[in-house]
Amino acid sequence: MGLKNLISSKKMLSLLAVFMLLSTNLLFAQDAASSATTGAGDAGTATGNVWIGPVYYILLFIIVCFVVAIVGKILRVFDLTQQIQGKKPMNWHNIMGVFCLIFLVAGLYGAYWEFTVQGSMILPESASAHGVKIDEMFWTTTVLTMIVFFVTQILLFTFLFRYRYSEKRRGHFLPHNNTIEKVWTIAPAIVLTILVIFGFFTWQEITNSVDAKGEPASINVDVTGHQFAWELRYPGADGKLGKTDYKLVTGLNKLGINFKDKNSFDDLQADTMVLPVRKSIRLNIHAQDVIHSVYMPHFRVQLNAVPGLPTYFKFTPTITTAEMQRKLGDPDFQYLLYCNKICGGSHYNMKKVVKVVSEAEYQAWIAQQKPYLSGALKKELQFAATKDAQQKRLALNN
Amino acid sequence: MSTLSVQDHGVAHHEEDHGHHHKQSFLTKYIFSQDHKMIAKQFLITGITMAVIAMLLSILFRIQLAYPEKSFPLLETLLGRFAPNGRLDSNFYLALVTIHGTIMVFFVLTAGLSGTFANLLIPLQLGARDMASPFLNMLSYWFFFTASVIMLSSFFIQKGPASGGWTIYPPLSALPKAMPGSGMGMTLWLISMVLFIASQLMAGINYVSTILNMRTKGMDLWKMPLTVWALFLTAVLGVLAFPVLVAGVVLLVFDRSFGTSFYLSEIVLNGTQVQPYEGGSPILFQHLFWFLGHPEVYIVIMPAMGISSEVMSVNSRKPIFGYHAMVYSLIGITVLSFIVWGHHMFVTGMNPFLGGVFMITTLIIAVPSAVKTFNWLATLWRGNIRFTAAMLFAIGMVSFFISGGLTGIFLGNAALDINLHDTYFVVAHFHLVMGSAAIFGMLAGVYHWFPKMFGRLMNEKLGYLHFWITFIGAYLVFFPMHFMGLDGVPRRYYAFTEFESMKRWLSVNTFITWAAIMAAVAQFAFLFNFIYSIFFGKKATQNPWQANTLEWTTPVEHLHGNWPGEIPTVYRWPYDYSKPGAEEDFIPQTVPLSQTMSSNLPHDFEDNPTGLQEHAKWINTQNKNEEVK
């Protein structure tokens, strides 16, 4: 029986080898053919059948399947012949153990490569005062977690290799060890406590930021999100923004500014968010239709814009756009504000340029901005007074 | 401890079940089956089907991200109006993302994972003839199946499926005018989810009552395998958390259809259309959603943890290290998971003070997770590791859990979350820690218990191939995403072409897409292996992995009632592997301590003073014999 097996398997082996050769030839041919078609595909798609390209990929896939199957069979046949000749069968435990080790080395190199190459593509230093603290926390957390990452992954995969199966050995019966368990419960608890405390105070500092009494008042800027753009409103000479009411929104008064409030008369509209450097800015965040999110990554600023729930974020830009362009060596660099909460089909294209400039430039810029209360709007307001009354009556009826 | 144990009372009157087997029709055996093993298979196969569908959806949107400007005429042929001129429509892109997330989180990793392994393992590992309520069990599957069909049917309606992200935040999801997917598609999504939750509730109640009431003689809670512990706590979580989502969903239905404004206020559509809603709060929905949503990620990961613990112990030929610590950390995670939901909402406009509180609770939950990781490592240490396909997947689960868990420390920190929220960093984090880790746990379970389900073995070599390509592929896909996130690249963007600063990530996106395609193709190795082995796999022996747990004492051929005679009694914990003094390197739970005098330890008699006396006596006589020699 064993002899019979040997003969038949040798036959099979040669047959499979022939198959293998043929199929690799085929594979290369297919590869060349498919690359030729993809090259020609661009020109031919208008007239050609849409299925041609994908069918080649499917054929390629089927060939890969065959190759895998044939390699599998060859391994099996090889293994059986070895066994029949009285040698030991293939030790898959060793093979997998070595694979684990190879994966570890390759993975460590891959992680190193990612950290150096893609790690250099991340955001530049923070351009806001509070962002510096966030960055400090970020780097502390990164160092701590990366130590744990490398240590645990290295242990995991070296254990796998070191303690791979052997018939001669038995596992070490070790159901528990209270001391060491206490150590690795308390150690992460301490590290996390430190991170929590620092994080908590940083968070409090960033968010508990109502203007203190002695402080010079922040510059109020209203930013309102709607599908799919941002509207900006700057206060005029009085430094105050007028009240708004969503019921007053019309085609002309797109923010629903309540012009009964005198503060609103000199409110300015702007296309670009221009901010003076080293001045406290208070962004008042609104949304009209769905939730958006004001995301200004260079300043480490993000807060959702929620309809019906005005929010604000206070921060101080510290690096002007020109300075940042110089630092990055990129003359086209711009700070951006973009939407970071899914808000509909054009969510991916909802940006506003942010410019940080010197105080003098800011004053020059703001002097040129137009007020919301335009001539057309003034005309409409006469009409709005009666419309307002109508709405009130409706409300009473309800 | 002994107060926890509940004695079995459901054994005696089940005895007559298998004496006179009435013939089952195809319908009662395969379709409306009430046998837990068949229901487990139904859950598994439906879950795998849904996983393949969701995977294909992800490949579609990955192609869009890699080649945002390129036209693929085939897409238009296949998808019609959803891909005009061979490019995905931006609304349909969001629909793909939404349905991919929904299917993967709920239909695959909740129902597919818990549904399969809770149904299969709870009765088999605890020594019960079936679930507490087989009928409820059947109902649970069919609710799940209906929910799946409804979810998928939304691809066939005019405006396409729900597309507000799997979190379906209103007002986007509440206003049909806000995007096409918020019309009929969202209605179907909501109906499907309500049915799904009903299914999960029925299943969860069934699991909990089975575990508490139907354990065999001797199986007290501290003798349960970690799989059962994990599935038990998962079921408790599900029962407590899922109803809250129903509440949230029902209010959303009211807002959408009956003109209420629970979640809506001060809305102006298209710049001019003032809507009548007043006084609602979109944040309320987020609270309700994440009150389920956060426990949900533990519902997803805990069964994977349990399965990995069991598989790693069996294949390291070593007891799981710190069994009690493993259980207590699961309990800790269960309890804490209810008070951390706010970390999804740090920058939503929620009161910043609450943000601080949620940050503290969130970082506390990292402690039990760390304990579990170290315990797994200690389990491997000085083991005798057999590389079965299941073992490799369990190891992959640990590796992913570490990689993804560590980035959770960044995101759980409210101050850091300001800049990372909703970026690709988050995508990378949760795809590793709950996506890849949980699916690897599930695959480990499939490879490990395949012989129990189908009586045959899967091909190990093909399993190796599947593992390595998927494992490497998943890292190649998700590792670079961290750096995109750190560069402020937001998730759920249809294309990065509109931003000069994001264009440089295009090459990375192309790379990720090809890695994803590679990993997806590798899944065919699994599918082939799975289907082929059901029919032509090598016949399994009764206990192919030399494991201790009760399911391997049942005959290979399935029979209703699981054990042909009396249900075996349990005498020991499930992890007596490589015990010194024992003949073999495993001692099944059904072997009484009296038969293994040479390997008993004083520790085995913690609650058993007479046993301890016997043990001491035996040791004494041994010692005397030694002296005589």
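The rules we used
Residues numbered from 1 in each chain as written. Chains lettered and ligands numbered in written order. Predicted model: local features only at pLDDT ≥ 70, side-chain atom pairs only at ≥ 80, totals over all residues. UniProt positions renumbered as here; feature names shortened; annotations may be inferred. Domains from an automatic or database assignment. Contact = placed C-beta atoms within 7 Å. Helix = DSSP H or I, 4+ residues; strand = E, 2+ residues; numbered from the N terminus.

An unreviewed UniProt entry annotates chain B as Cbb3-type cytochrome c oxidase subunit I of Mucilaginibacter segetis. Under the UniProt heading Subcellular location (unreviewed entry), the note attached to chain B is "Membrane".

Labelled according to an unreviewed UniProt entry, chain A appears under the name Cytochrome c oxidase subunit 2, originating from Mucilaginibacter segetis. Regarding chain A, the UniProt comment filed under Catalytic activity (unreviewed entry) reads as follows: "4 Fe(II)-[cytochrome c] + O2 + 8 H(+)(in) = 4 Fe(III)-[cytochrome c] + 2 H2O + 4 H(+)(out)". The Sequence similarities (unreviewed entry) field of the UniProt record for chain A holds the comment "Belongs to the cytochrome c oxidase subunit 2 family."

Chemist: Can you explain the domain arrangement of chain B? Please cite residues and give values.
Modeler: Residues and elements named next belong to chain B. Split by domain assignment, chain B resolves into domain 1 (38-539) and domain 2 (550-628). If you average the C-alpha positions of domain 1 and of domain 2, the two centres end up 39 Å apart. Listed per partner, the contact involves 21 residues of domain 1 and 20 residues of domain 2. Looking at the side of domain 1 that touches domain 2 element by element, the count peaks at four residues for helix α4 (residues 90-126).

Chemist: Describe in detail unusual backbone geometry, supporting the description with residues and values.
Modeler: With an omega dihedral of -5°, the bond running from Q227 of chain A to F228 of chain A counts as a cis peptide bond. With respect to the helices and strands, F228 of chain A occurs in the loop between β1 (219-226) and β2 (229-234). Here the residue pair P170 of chain B and P171 of chain B is connected by a cis peptide bond, since its omega of 5° sits within 30 degrees of zero. Turning to its location among the elements, P171 of chain B is positioned in the loop between α5 (134-153) and α6 (184-213). Not every positive phi belongs to a glycine, and R278 of chain A is a case in point at roughly 55°. Inspection of the secondary structure puts R278 of chain A in the loop between β4 (273-276) and β5 (281-287).

Chemist: Just give me the short version of the UniProt feature "domain: Cytochrome oxidase subunit I profile" (unreviewed entry) in chain B, but keep the residues and values in it.
Modeler: In the numbering adopted here, UniProt assigns the feature "domain: Cytochrome oxidase subunit I profile" (unreviewed entry) to residues 26-595 of chain B. End C-alpha atoms of residues 26-595 of chain B are separated by 44 Å, and the span's content is 63% helix alongside 1% strand.

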